[in-house]
Amino acid sequence: GTRDLARVIESLPGSGETQIVALNFRNVEVGTGSYLRELALGLRDYCYRMRPDLYPVFANLAPVVEEELQAVLRSIRDFLLVCTVDHARVESPKVIGVIEEKEKATIDALKRFPNSDASSLLTRCKNSDQITVNGWNNRLAGLAQKRIVRETKSGRIKKYRLILEGLSYGN
């Protein structure tokens, strides 16, 4: 996994505009937990730290590979974005792994109100959990770190939007 991660990093497109990078698992029939952890989580974390213009998604996972990745994610209480890609078109994006209710609520808020900042979500999403603007900021920043949402600055304000429309939740 570590060796393939290095190869994937070398093959990433040049810096510049925001891009979704689909790592295609179409011909992968088996993947061990350690391999998937090193490659998938390693790529996501690398992009967050070193290439904030890139948003990795993991495409065309065979059921057995997705099941193994789910097991890894459950063991570390984490989640990733997966999808299918057909003819360069991203379809059926979903979050797999362990996603907390507050993270789901934040994603659902961004589905309803794309390109929002924490203050606008505070105003638009009246709720019973008494979330503050700082709470919205923390939730949004956490999803940006997981590469589920894109963060853009408009002056001093950070706005967020889902990187893929039609996002659902996997098992």
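First, a word on scope: everything that follows refers to the structure included in this document. All figures in this text were calculated on a predicted structure; none of them were measured in a lab.

1. Focus on the environment of Leu69
Then comes step 1: Mapped onto the fold, Leu69 is located in helix 3 (residues 63–76).
Then comes step 2: According to the relative accessible area criterion, Leu69 is buried, its value standing at 2%.
Then comes step 3: Here the alpha-carbon distance between Leu69 and Thr32, two residues 37 residues apart in the chain, equals 8.3 Å.
Then comes step 4: Residues contacting Leu69, with those up to four places away along its chain left out, are Leu36, Ala40, Leu61, Leu80 and Ile96.

2. Observations regarding the sheet that holds strand 2 (residues 54–59)
Then comes step 1: Pairing is mixed across the open sheet formed by 5 strands, whose spatial order is 1-2-3-4-7. This sheet does not close on itself; its edge strands, each paired only once, are strand 1 (19–24) and strand 7 (168–169).
Then comes step 2: By the bridge criterion, 2 bridges tie strand 4 (residues 89–97) to strand 7 in an arrangement that is parallel. Across the sheet, residue Lys94 finds its bridge partner in strand 7, namely Ser168.

3. As for unusual backbone geometry
Peptide bonds are mostly trans, and most non-glycine residues show a negative phi.
Then comes step 1: Not every positive phi belongs to a glycine, and Asn60 is a case in point at roughly 60°.
Then comes step 2: With respect to the helices and strands, Asn60 occurs in the loop between strand 2 and helix 3.
Then comes step 3: You will see that Asn115, though not glycine, has its phi angle at about 60°, which is positive.
Then comes step 4: On the basis of relative accessible area, Asn115 is assigned to the partly exposed category, the value being 33%.

4. Observations regarding the nonpolar core
Then comes step 1: One finds Leu81, Val95, Ile107, Ile148 and Val149 to be the most contacted residues of the largest nonpolar core, which totals 27 residues.
Then comes step 2: Put simply, the parts of the chain that give this core at least two residues each are strand 2, strand 3 (79–86), helix 4 (101–112), helix 5 (118–124), helix 6 (133–145) and strand 6 (157–162).
Then comes step 3: Residues contacting Val149, with those up to four places away along its chain left out, are Tyr55, Leu110, Leu140, Leu143, Ala144, Tyr160, Arg161, Leu162 and Ile163.
Then comes step 4: With 22 residues, the next largest nonpolar core counts Val21, Leu36, Leu73 and Leu80 among its residues.

5. Some details on the side chain of Ser116
Then comes step 1: On the secondary structure map, Ser116 appears in the loop between helix 4 and helix 5.
Then comes step 2: For Ser116, the side chain forms a polar contact with the main-chain oxygen of Phe113, separated by 2.5 Å.
Then comes step 3: When near neighbours in sequence (up to four residues on either side) are disregarded, Ser116 contacts Leu110, Leu121, Arg124, Lys158, Lys159 and Tyr160.

6. Topic: the packing of aromatic side chains
Then comes step 1: All chains considered together, the criterion is met by 0 aromatic pairs.
Then comes step 2: The ring of Tyr169 has Lys104 sitting right over it, with the charged end atom 5.2 Å from the ring centre.
Then comes step 3: Across from the ring centre of Phe79, 5.4 Å away, lies the NZ or CZ of Lys146, which sits over that ring.

7. Concerning the packing of helix 1 (residues 2–11) against helix 2 (residues 33–50)
Then comes step 1: It is the contact of helix 1 with helix 2, at a shortest axis distance of 8 Å, that shows an interaxial angle of 35°. Helix 1 and helix 2 meet at a crossing whose hand is right-handed. Note on element contacts: helix 2 touches helix 1 through Tyr35, Glu38, Leu39, Gly42, Leu43 and Tyr46, opposite Thr2, Asp4, Leu5, Val8 and Ile9.
Then comes step 2: Its residues assigned to classes, the contact of helix 1 with helix 2 comprises 7 nonpolar, 2 polar and 2 charged.

8. Some thoughts on the state of the cysteines
Then comes step 1: Scanning the entire structure with this criterion turns up 0 disulfides.
Then comes step 2: Cys83 provides the cysteine sulfur closest to Cys47, a residue in no disulfide bond, and the two sulfurs are 14 Å apart.
Then comes step 3: Here Cys83 falls in the buried class, since its relative accessible area comes to 5%.

Cut-offs applied
Residues numbered from 1 in each chain as written. Predicted model: local features only at pLDDT ≥ 70, side-chain atom pairs only at ≥ 80, totals over all residues. Heavy atoms only, no water. Helix = DSSP H or I, 4+ residues; strand = E, 2+ residues; numbered from the N terminus. Buried < 20%, exposed > 50% of the residue type's maximum accessible area, 1.4 Å probe, protein only. Contact = heavy atoms within 4.5 Å. Pairing = 2+ DSSP bridges. Core = buried A, V, L, I, M, F, W, Y, C linked by side-chain atoms within 4.5 Å. Polar contact = N/O pair within 3.5 Å; in protein donor to acceptor, adjacent residues only side chain to side chain. Phe/Tyr/Trp six-rings, centres within 6.5 Å; stacked < 30°, edge-to-face > 60°. Lys NZ or Arg CZ within 6 Å of the ring centre and 35° of its normal. Axes fitted to C-alpha atoms, helices over the stretch in contact; angles between N-to-C directions. Left-handed = near helix turned anticlockwise from the far one by under 90°. Nonpolar A, V, L, I, M, F, W, Y, C, P; charged D, E, K, R; others polar. Disulfide = S-S within 2.5 Å.

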